[in-house]
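Descriptive structure summary
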Amino acid sequence: MSAIAVDLYSDTVSRPTPAMRKAMAEAEVGNEQAHEDPTVNKLCEMAAELTGHEAAVYVPSGTMCNAIAYRVYCRQGDAVILDQLAHPIHAETGGPAALSGCMLTQVDGGRRGIFTGADVDKAVKPYKRNRPVAKVVSIEQTSNFGGGACWTLDEVKDVAAAAKRHDLKLHMDGARMLNAVAATGTSAKDFASQCDSAWIDLSKGLGCPIGAVLVGPADFIEEAWRWKTQFGGAMRQAGIVAAAGVYALTHHVERLAEDHANAKRLAKGLMQIPGIEVDPEEPETNMVFFDANGTGIDNFDMSKRLLAKGVRIGAGYGPRDLMRAVTHIDVSTDDIDAALAAIRDVAAGRD
Ligand SMILES: *Cc1c(COP(=O)(O)O)cnc(C)c1O
């Protein structure tokens, strides 16, 4: 296998930049779990301010943010309502069941991981002793396995109103909420303030090595701390990594638009290659899902053959085992063109 020259496997492969590493090296630190780490405290203040929430807590991963929020809201056996494409169903090792004790009630929103207030109405059944009790509606901004699709503010408001009607909490898995902000022009505050709790991932498009920040009302965050600690997520001199988050929120938010432009460029180029079908044709954010089967090379084989040429793109996403290319801070426009050239070669049997 040759070295990976263009890595479109995920935005999680992005590496901390020299300037980010410098900020990390110079971070003021303290004992995070005693609220004595000034850099963590600053990061939490920034995240609360950005999202319009009262309080925030720094958490090692987005997966743990979902586990904590569901644990706060649910007793054993209670239900979380989410789309059938949602990340906690497919990619969190059963954490909602194992750690939070909740069931996942899946709705089929039919629009790339996005559903409506009417879908929530349908999913909430009248009380009966033998039924699981729904406690939370969980939405994903952007929808990862929905192809990086954005909820519009109106769609979030519609679901928020339904959650209120049924006395449910609304939680936002905002792993890529800032991508949605860049794509739609709606502010993080507008999206997140519709929700009882939300989180953003620092280790995806924002380019940090680690971390996520969970936000909500002070009493929710206080309870979140108990489960963060029980799940092993309370830390010590975490300012070393939180400094990357402070740096990223200052310097890496505006540039997400470049990743979106690169994703569009990739999609456009892919559509010109015979046998490749891009879905959707116009990516909304930083993800491009496509099917290479029409070239006579299946997606898994295409992925392997591209890797041999130094281009990494994963295969096996969703029911059609699609390929998924994700743009990020370490992918330039030239890299996109190099990836397209490699895909063209493999599709034409020139590899
Ligand atoms: C990556 C991701 C997660 C999990 O975040 P980690 O930081 O990898 O644990 C949760 N939800 C969505 C939509 C994601 O893309």
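Refer to the structure printed above.
Residues numbered from 1 in each chain as written. Predicted model: local features only at pLDDT ≥ 70, side-chain atom pairs only at ≥ 80, totals over all residues. Heavy atoms only, no water.

**Describing the sheet that holds strand β12 (residues 314–317)**
Worth spelling out the cut-off: Two strands make a pair as long as DSSP finds a minimum of two bridges between them. Each helix corresponds to a stretch of at least 4 residues labelled H or I by DSSP, and each strand to a stretch of at least 2 residues labelled E; elements are numbered beginning at the N terminus.
One open sheet holds the four strands; their spatial order is β9-β10-β13-β12, and the pairing between them is antiparallel. Strand pairing shows two members of the sheet lacking a second neighbour, β9 (277–278) and β12, which therefore form its edges. The pairing of strand β10 (residues 287–291) with strand β13 (residues 322–326) spans four bridges and is classified as antiparallel. The partner of F290 across the bridge, within β13, is M323.

**Focus on the site of the ligand**
Our working rule: Here a residue counts as near a molecule or strand whenever at least one of its heavy atoms sits within 4 Å of it. Residues adjacent in sequence count toward polar contacts only when both atoms are side-chain atoms; beyond that, a polar contact is any pair of N or O atoms within 3.5 Å, and within protein one must be able to donate a hydrogen and the other to accept it. Gly is placed with the polar residues, together with every amino acid not listed as nonpolar (Ala, Val, Leu, Ile, Met, Phe, Trp, Tyr, Cys and Pro) or charged (Asp, Glu, Lys and Arg).
Close contacts around the ligand come from 13 residues, with T63, D173, R176, D201 and K204 the closest. Contacts to the ligand include G62, whose backbone N or O atom sits 2.8 Å from an oxygen atom. Note that an oxygen atom of the ligand is positioned 3.0 Å from one of the side-chain N or O atoms of N144. Tallied by class, the residues present in the shell around the ligand amount to two nonpolar, five polar and six charged.

**Regarding unusual backbone geometry**
Note the cut-off: Partly exposed describes any residue whose relative accessible area lies between the buried limit of under 20% and the exposed limit of over 50%, with all areas from a 1.4 Å probe on protein chains only and scaled to the type maximum.
The omega torsion of the bond from Q141 to T142 falls at -5 degrees, within 30 degrees of zero and hence cis. Tracing the backbone through its elements, the reader meets T142 in the loop between β5 (134–140) and α7 (153–165). Its identity is not glycine, yet H35 carries a phi of approximately 60 degrees, on the positive side. Along the polypeptide, H35 turns up in the loop between α1 (18–25) and α2 (38–51). Since its relative accessible area comes to 47%, H35 is described here as partly exposed. Non-glycine residue T93 carries a positive phi angle of around 55 degrees. Topologically, T93 is positioned in the loop between α4 (87–90) and α5 (95–98).

Just distances and angles here, no functional claims.
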